[in-house]
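One letter stands for each residue in the lines below.
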Amino acid sequence: MDNLNFSLEGKKVVILGGSSGIGLAVAQAAAAEGAQVIIVSSNAARVQRAVAELPGTGLGMQADLSDEASVKRLFEEISTLDHLVFTAGENLLLGNISETEIGTAREFFNLRYWGAFAAVKYAAPRMNAGGSFVLTGGIASPRPNAGWAIGASICAAMEGFTRAMAVELAPLRVNLVSPGIIRTNLWSGMGDTERDAFYENVANALPVRHVGEAEQVAQAYIYLMKQPFSTGQILVTDGGAVLV
Ligand SMILES: NC(=O)c1ccc[n+]([C@@H]2O[C@H](COP(=O)([O-])OP(=O)(O)OC[C@H]3O[C@@H](n4cnc5c(N)ncnc54)[C@H](OP(=O)(O)O)[C@@H]3O)[C@@H](O)[C@H]2O)c1
């Protein structure tokens, strides 16, 4: 293995949750660097649209990442890979603990935590030497607001999982990107006016004075895939949100 070759050229990069938002931006950036990209999400039509938007060629596959059997089948089909990026996620349940129904809250771990857990479990034996995982958390862990208990807990769990896997799966590398507020479909549940006002408030409060774009945070994933000397790290990419 050449530790001074930082290129993604020809590397097989699998992006779980690559059909939109941050994952799609990672797929586009990796493909632009010559990687062989495989985009995976739960919706076949969205996967095909995303593949069509890639510079160069790429592959698409459909899988429900909240279902272990589906994740296992996916990696049997993929066979071997160089890098795994996990960005699959859904709108999280917000609300104070007093009004949280625990059974419903528990289900939110299925995709973001257990989905990532299953992906690492079934991909690890198929990783080529020099391979890496880049997982996703969020600043809900270090900087929660009231009502964010579910998101904060999932993000914190992902950070612990990342460090544990970096030790257990070495010399494979395992890192995590912790995004701040990024303009993606994740916020599509809000009405247009409410969302614009939310983005404007966030931008005004941030040291960088703008909301994050998927293309910006994608660079953090690309960096962690290419950086052979980083493992077990949490790369916060948040416009300075945790400082203010
Ligand atoms: N945007 C932000 O402000 C922000 C901030 C902090 C953390 N994050 C985290 O970053 C990650 C990416 O978010 P994003 O903003 O890029 O959201 P997004 O645009 O909504 O993308 C989410 C992706 O997950 C896929 N997905 C959802 N359910 C799935 C399932 N059961 N199986 C397979 N794929 C599934 C979606 O594709 P299909 O619908 O086609 O399945 C889509 O590709 C999420 O974990 C999110 O919580 C986002």
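Our structure is the block above this text.
What counts and how
Residues numbered from 1 in each chain as written. Predicted model: local features only at pLDDT ≥ 70, side-chain atom pairs only at ≥ 80, totals over all residues. Helix = DSSP H or I, 4+ residues; strand = E, 2+ residues; numbered from the N terminus. Rg over C-alpha atoms; globule rule 2.2 N^0.38 Å. Buried ≥ 20, exposed ≤ 12 C-beta atoms within 10 Å, placed from the backbone. Contact = placed C-beta atoms within 7 Å. Near = placed C-beta within 6 Å. Nonpolar A, V, L, I, M, F, W, Y, C, P; charged D, E, K, R; others polar. Core = buried A, V, L, I, M, F, W, Y, C linked by C-beta atoms within 7 Å. Axes fitted to C-alpha atoms, helices over the stretch in contact; angles between N-to-C directions. Parallel < 35°, antiparallel > 145°, perpendicular 65-115°, else oblique. Expected span 1.5 Å × (residues − 1).

(A) Quick look at the overall build of the protein. Across its full length, the protein carries 8 helices and 9 strands. Taking 2.2 N^0.38 as the reference for a compact globule, 244 residues should give roughly 18 Å; the C-alpha atoms of the protein span a radius of gyration of 17 Å, in line with that estimate. Classification of the 244 residues of the protein by burial places 42% in the buried group. The contacts of the protein with a sequence gap of at least 6 include a subset with a gap of at least 24, amounting to 70%.

(B) Focus on the site of the ligand. Looking at the ligand, there are 27 residues lining it, with G21, S42, G89, G138 and T184 nearest. Elements represented by at least two residues in the shell around the ligand include exactly α1 (21-32) and α5 (109-123). Top contributing element to the shell around the ligand by residue count: α1, with 3 residues. Across the shell around the ligand, the residue classes break down as 8 nonpolar, 15 polar and 4 charged.

(C) A look at the nonpolar core. Ranked by internal contacts, the top residues of the largest apolar core, which has 66 residues, are I15, V26, A27, A30, V37, A119 and Y221. Each residue touching V37, except ones within four places of it in the same chain, is listed here: V13, I15, A27, A30, A31, L54 and G58.

(D) Up close: the environment of G137. Within the fold, G137 resides in the loop between β5 (127-136) and α6 (149-168). Sequence separation between G137 and W187 is 50 residues, and the spatial gap between their C-alpha atoms is 16 Å. With residues up to four places along the chain from it excluded, the contact list for G137 reads C155, M158, E159, L176, S178 and I234.

(E) Spotlight on the packing of α5 against α6. At their nearest, the axes of α5 and α6 sit 10 Å apart, and the two run at 10 degrees to each other. In terms of axis orientation, α5 runs roughly parallel to α6. Side by side, α5 and α6 meet where F109, R112, Y113, A116, F117 and V120 of the first sit next to I154, A157, M158, F161 and M165 of the second. Residues of the contact of α5 with α6, tallied by class, amount to 10 nonpolar, no polar and 1 charged.

(F) Spotlight on helix α8 (residues 214-226). Here α8 contains 13 residues, and its C-alpha end-to-end distance of 19 Å stays within 8% of the 18 Å for a straight helix at 1.5 Å per residue. What α8 keeps buried is the set A214, V217, A218, A220, Y221, I222, L224 and M225.

(G) The arrangement of the environment of A197 in detail. Relative to the assigned elements, A197 resides in helix α7 (residues 192-205). Linking A197 and D82, residues 115 residues apart in sequence, is a C-alpha distance of 41 Å.

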